[in-house]
Amino acid sequence: MKSFLLLLPVAVILVAQTPLVAQTPAAAPKKAVIQKAALTQTNFKESGSPSAPITVELYTDYECPACREFYLSTLPLLTNDFVKTGKVRLLHRDYPLPQHQFTKLATRYANAAGQIGKYDVVAHQIFESQPDWDQNGNIDVQVAKVLSPAEMEKVRNLVKTDSNLDDSVAKDQAMGAQDRLNQTPTLVIVYKGKRETIGGLLSYTILKSYLDKKLEQ
Amino acid sequence: MRRWLNIAARLILAAIFLVAAYAKIKEPWLQFAVSIDSFKLVPEKYLEPMAIWLPRCELALGIALLSGIAVRWFGLIATLLLATFVGAAARAYAMGLTPDCGCFGAGGGDMLGPKWFAEHGAMVLLGLAVSFGGFAAERAPKPAPELVPVGD
């Protein structure tokens, strides 16, 4: 009986962490929790000045080779020339494609890392190591290379247990459907309230020229 | 009968060019530049002017074909343009590239393959038919002018 009483607090903690219990409270607090989670999840995907004249929304799939090429070659230049200078606000959007086996897991790792403030470093690592994990799905090993053991433990827990981790992905996919996405990577350039969807792998030179012309208008 | 076939072929060709031009012009030129770039044929510095002007040239060609003026020459230009396009696509296909043709705007499902080559090969033949039809009509003997007696 004594051992049962000792186990009781542990059982309560375990049950409290399951999604079933998290969903049981009244509707209003639940909504607030989800909204808060979604807000936290999307904030780390944004960079640049909120008052930048152009917003670039970048839809990627972690298992798509063209997205990897864009992320590693074009994005650093875009960030340096336009995001850091306050001309462009950058927003990452997840668009996991159904034909890719491990992309959803990769997305969970990136978003879990975002929850602990390590989105950029982990997203970069996932793309960079894509050829290493896209056959076996061992993303964990790759992510562990760029995080401390304590951080990695937090990320693993979130990947395993956080039921809200995919909320922002669902929102991004819904937005992608509105933007009529048919491939990744896709950029949506938002300027003066108008959304322009540009699908495919674009070179930085041509993207720069396009953005410069928009800024001159 | 032959005359009507020539007219039908010309109108179909004009429609193809007008639809292709409209689909590209309504999109940002950056999208067509991405499509051109995916062929890995055009140097980067020419992507922008090409993405801006090629759809306008297609529009002009479509209007010219629709008007029926100098059909043989505009038919020939259309054929050459289409043949160049098919040649560039064949090169990309042989290189193992899978460019987005972007012929009728982005997301038109225009991925290169046997179907694409069959369709565009048929367009080249259509262009040739329009051009040769125009040349043949030009060479056809014209009816002699009616003689009017002088002094009537």
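(A) Region of interest: the overall build of chain B. The number of helices and strands found in chain B is five helices and zero strands. For 152 residues, the compact-globule estimate of 2.2 N^0.38 gives 15 Å, and the C-alpha radius of gyration of chain B, at 19 Å, exceeds that figure by more than 25%. Taking the principal axes of the C-alpha coordinates as reference, chain B spans close to 75 × 30 × 25 Å. Counting the 152 residues in chain B, one finds 39% classified as buried. At a minimum sequence separation of 6, the contacts of chain B that also span at least 24 residues come to 68%. Split by element, the accessible area of chain B, about 8,800 Å² in all, is 71% carbon and sulfur. With 13 positive and 11 negative side-chain charges, chain B shows a spacing of 4 Å between the two charge centroids.

(B) Highlighting the pattern of salt bridges. All names here are of chain B. Going through the model one piece at a time under the given rule, you end up with 17 salt bridges over all chains. Between Lys-115 and Glu-119 there is a salt bridge; the shortest N-O distance is 3.2 Å. Of the two residues, Lys-115 and Glu-119 both sit in helix H5 (residues 114-139), four residues apart, roughly one turn of that helix. Classification of Lys-115 by relative accessible area gives exposed; the value is 61%. A relative accessible area of 36% places Glu-119 in the partly exposed class.

(C) Just the packing of helix H11 (residues 204-216) of chain A against helix H3 (residues 44-67) of chain B, in detail. Where H11 of chain A meets H3 of chain B, the axes come as close as 9 Å, and the angle between the chain directions of the two elements is 50 degrees. The pairing of H11 of chain A with H3 of chain B is recorded here as oblique in orientation. Note that H11 of chain A runs across H3 of chain B; the crossing there is right-handed. Between H11 of chain A and H3 of chain B, the residues in contact are Thr-205, Ile-206, Ser-209 and Lys-213 of chain A and Glu-44, Leu-47 and Glu-48 of chain B, respectively. Looking at the contact of H11 of chain A with H3 of chain B residue by residue, the class counts come to two nonpolar, two polar and three charged.

(D) Representation of the sheet that holds strand E4 (residues 186-191) of chain A within the structure. Residue and element names in this part refer to chain A. Spatial strand order, E1-E3-E2-E4-E5: five strands in an open sheet with mixed pairing. Of all the strands in the sheet, the pair left with one neighbour each is strand E1 (46-47) and strand E5 (194-199). Judged from the six bridges that link them, E4 and E5 form a sheet pairing that is antiparallel. In the sheet register, Leu-187 faces E5, and the bridge partner there is Ile-198.

(E) Structural context of the pairing of E4 of chain A. Residue and element names in this part refer to chain A. Of all six residues making up E4, six are buried, and the element is well covered by its neighbours. Burial of E4 is two-sided: the residues Thr-186, Val-188 and Val-190 facing one way and the residues Leu-187, Ile-189 and Tyr-191 facing the other way are all buried. In terms of strand pairing, strand E2 (residues 54-60) meets E4 through six bridges, oriented antiparallel. Of the residues in E4, the one forming a bridge with Glu-57 is Val-188. If you look at the hairpin formed by E4 and E5, you'll find two residues sitting between the two strands, and Lys-192 has a positive phi there, around 50 degrees.

(F) Looking closely at a nonpolar patch on the surface. A cluster of nonpolar residues, Ile-25, Leu-59 and Ile-63 of chain B, forms a patch on the protein surface that exposes about 230 Å² of accessible area. Turning to its location among the elements, Leu-59 of chain B is positioned in helix H3.

(G) The packing of helix H1 (residues 2-25) of chain B against H3 of chain B, seen in detail. All names here are of chain B. Two elements in contact, H1 and H3, have axes whose closest approach is 8 Å; the angle formed by their N-to-C orientations is 155 degrees. With respect to their mutual orientation, H1 and H3 come out roughly antiparallel. Seen from above, H1 lies across H3 with left-handed handedness. Seen from H1, the contacting residues are Arg-10, Leu-11, Leu-13, Ala-14, Phe-17, Leu-18, Ala-20, Ala-21, Lys-24 and Ile-25; seen from H3, they are Pro-55, Arg-56, Glu-58, Leu-59, Leu-61, Gly-62, Ile-63, Leu-65, Leu-66 and Ser-67.

(H) Layout of the interface of chain B and chain A. Taken residue by residue, the interface counts 13 residues in chain B and 17 residues in chain A. Taken together, chain B and chain A are joined by one salt bridge. Close ionic contact of Glu-48 of chain B with Lys-213 of chain A constitutes a salt bridge, the shortest N to O distance being 2.6 Å. Seen at the junction of chain B and chain A, the total is five residue pairs in polar contact (both at pLDDT 80 or more). Of all the secondary structure elements, the ones that give two or more residues to the side of chain B that touches chain A are helix H2 (29-37) and H3 of chain B.

(I) Structural context of the nonpolar core. Residues Tyr-62, Ile-126, Ile-189, Leu-202 and Leu-211 of chain A are the most contacted members of the largest nonpolar core, which totals 55 residues. Not counting residues up to four positions away in its chain, the partners in contact with Leu-202 of chain A are Phe-70, Thr-74, Leu-187 and Leu-207 of chain A together with Leu-30 and Val-34 of chain B. Of all hydrophobic cores here, the second largest spans 22 residues; its members include Leu-65, Val-71, Cys-101 and Leu-112 of chain B.

Calculation rules
Residues numbered from 1 in each chain as written. Chains lettered and ligands numbered in written order. Predicted model: local features only at pLDDT ≥ 70, side-chain atom pairs only at ≥ 80, totals over all residues. Heavy atoms only, no water. Helix = DSSP H or I, 4+ residues; strand = E, 2+ residues; numbered from the N terminus. Rg over C-alpha atoms; globule rule 2.2 N^0.38 Å. Buried < 20%, exposed > 50% of the residue type's maximum accessible area, 1.4 Å probe, protein only. Contact = heavy atoms within 4.5 Å. Areas by Shrake-Rupley, 256 points an atom, 1.4 Å probe, with all protein chains shown as cover. Lys, Arg positive; Asp, Glu negative; His and termini not counted. Charge placed at Lys NZ, Arg CZ, Asp CG, Glu CD. Salt bridge = Lys/Arg side-chain N within 4 Å of Asp/Glu carboxyl O. Axes fitted to C-alpha atoms, helices over the stretch in contact; angles between N-to-C directions. Parallel < 35°, antiparallel > 145°, perpendicular 65-115°, else oblique. Left-handed = near helix turned anticlockwise from the far one by under 90°. Nonpolar A, V, L, I, M, F, W, Y, C, P; charged D, E, K, R; others polar. Pairing = 2+ DSSP bridges. Patch = residues over 30% accessible without salt bridge, like charges linked within 9 Å, V, L, I, M, F, W, Y side chains within 5 Å. Polar contact = N/O pair within 3.5 Å; in protein donor to acceptor, adjacent residues only side chain to side chain. Core = buried A, V, L, I, M, F, W, Y, C linked by side-chain atoms within 4.5 Å.

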